[in-house]
Amino acid sequence: MRKLDAEACAAYFAERPAYQRIMDEMLRKYRGLGRVGGQICLKDATDDECQAARAIFGRPFSNPLKFKLQEFEAALQATPYQGISLPELLEAYFGTQILTRREEHREKAHSLAELISRVSDEVENQTCRRWLRSLLEARSGGYALVRRSLESGEAASALTHACKSAAWLEEHAGEFIRLAVLSARVTSDPHALDSNTLAGKLLLHLLAFSQAVHFPSDAEQRDMLYYKAGILCDSISSSVTQSGLILSAGEEEHPAYQYFRQSYEVCTLTLTNLANLSAASSPSGHVYLVENQMVFSQLCDHASEFHSPLICTSGQLQVAVLRLLDMLAVSGTTFHYSGDFDGGGLSIADRLTARYPGLLELWHMSSKDYAAACSEKELGEISIRNLHGLSHKALNETAVAILKKGYAGYQELLLPAMLKDLMETP
């Protein structure tokens, strides 16, 4: 009988459109507070809405329309619908069980715990099980992603695919597989693990957990995370070009790269090529790095006269570049880096000095070099931003000089000095 009374009450309000926004606001306030309390306010209330409120409260209202929810519930008791509470009215009016925000959070947390527990029971890999446990205990490492996806129904399959992928990688440690091939093998869909999908994002969180690193903040960190796990996501376009390095496969120098080195030929290495190498070193113990491809090509016209190898980073650092430099760092090679005098060039240099402390020296990147390389091209906004907050002291001094003048500087204008350095005994 009480339910019928609530439905009759709700029908009264539903038949009168002027109550629609009033009911919406009361629902929002009740769900937010978790009780009948607080006040609603319609700042642009119409005359009809003010008249509708008057019909309940028995007193006039004007814009803005304001009243307390407790007052509304009390006024309801003076109508033919005495005994109906505001929560009962709202549930009948909206035709659904109304949960407060706190109740919703509690219910969603319970559903999430059940889901993760169910997936964990189906997973044998211990790393995956620890990660799943950490989702609930630390509420990090992908927790928010899974929680948001509960209603869509994607969460269970995405978690399972991420765990199966990580387990496969662990079982085949030391091997490399393309991301699309791994995805097809685990899910039958080559794109299910793409980094923009839920399963792909969760796999990245799982890999970051297993490697004890932060979730990648950019494409470079993401690709390096993949690479360390045995995934080649961009094995052809990610490349690095060099001349003069000793590149080994197993215990011996690779014969193909030995030919390039002895012939003073330029050689481009893809990530696939690098994955098959065991070591890299320099005959002189030194390697020179340039950012610009044209500068590299121009210098390499004299490669037969170089005392040390030369590497081209081609702007922003790709995984292939970092993979090669990491192998050289293991052999104790000293790096000499030279980049353009703008936000990009100096930020790359700053990252390299931080990544290879004690091994990397700046090469023609002083404020004096900038004066010789200064162009008439004004710095862009992004470039200016990147020149602030550099961690390396010498680079900061150069950045101050660049910002003061406001123009970029380019390596091409330093070619004679750089060539001289490469041809004279260090």
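Details of the structure are given in the entry above.
Residues numbered from 1 in each chain as written. Predicted model: local features only at pLDDT ≥ 70, side-chain atom pairs only at ≥ 80, totals over all residues. Heavy atoms only, no water.

### Let's talk about the sheet that holds strand S6 (residues 246-249)
On the basis of which strands lie adjacent, the open sheet formed by three strands has the order S7-S6-S9 and antiparallel pairing. The sheet is open, and its two borders are formed by strand S7 (252-253) and strand S9 (279-281), each paired with just one other strand. Sheet topology note: the S6/S7 ladder contains two bridges and is antiparallel. Among the inter-strand pairings, serine 248 is bridged to a residue of S7, identified as glutamate 253. (Pairing = 2+ DSSP bridges. Helix = DSSP H or I, 4+ residues; strand = E, 2+ residues; numbered from the N terminus.)

### Considerations on the nonpolar core
Residues Leu299 and Leu324 are the most contacted members of the largest nonpolar core, which totals 63 residues. If one sorts the elements of this core by residue count, helix H16 (residues 319-330) sits on top with nine residues. Setting aside residues no more than four positions away along its own chain, leucine 299 makes contact with Val290, Phe306, Leu310, Leu415, Met418, Leu419 and Leu422. If you look at the next biggest cluster of nonpolar residues, it comprises 37 residues, including Leu145, Ala166, Ile177 and Leu203. (Core = buried A, V, L, I, M, F, W, Y, C linked by side-chain atoms within 4.5 Å. Buried < 20%, exposed > 50% of the residue type's maximum accessible area, 1.4 Å probe, protein only. Contact = heavy atoms within 4.5 Å.)

### Notes on the sheet that holds strand S11 (residues 310-312)
What the six strands build is an open sheet, ordered S8-S5-S11-S10-S12-S13; its pairing is mixed. Looking along the sheet, the strands with just one partner apiece sit at the ends: strand S8 (267-270) and strand S13 (360-362). The sheet shows a mean angle of 25° between the axes of neighbouring strands, direction not considered. Examined bridge by bridge, strand S10 (residues 286-290) and strand S12 (residues 334-338) share five bridges and lie parallel to one another. (Axes fitted to C-alpha atoms, helices over the stretch in contact; angles between N-to-C directions.)

### So, the side chain of threonine 398
For threonine 398, the position within the fold is in helix H20 (residues 393-405). Judged by relative accessible area, which is 1%, threonine 398 ranks as buried. Residue contacts for threonine 398: discarding those within four places in its chain leaves Phe341, Leu346, Met365, Ser366, Ser367 and Tyr370.

### Thoughts on the pattern of salt bridges
Side chains that carry opposite charge are capable of pairing whenever their charged atoms lie near each other. Taken as a whole and assessed by the stated rule, the structure comprises eight salt bridges. Between glutamate 25 and arginine 28 there is a salt bridge; the shortest N-O distance is 3.0 Å. On the criterion of helical spacing, the pair formed by glutamate 25 and arginine 28 is a turn pair, its members being three residues apart in helix H2 (residues 20-33). With relative accessibility at 44%, the residue arginine 28 sits in the partly exposed group. Of the charged contacts in the structure, one is a salt bridge between glutamate 71 and arginine 59, with a shortest N-O distance of 3.8 Å. Here arginine 59 lies in the loop between helix H3 (47-57) and strand S2 (65-68) and glutamate 71 lies in helix H4 (residues 69-76), a separation of 12 residues in the sequence. Note on glutamate 71: relative accessible area 35%, which makes it partly exposed. Judged by relative accessible area, which is 35%, arginine 59 ranks as partly exposed. One salt-bridge network, held together by shared partners, links Arg21, Asp44 and Glu49. (Salt bridge = Lys/Arg side-chain N within 4 Å of Asp/Glu carboxyl O.)

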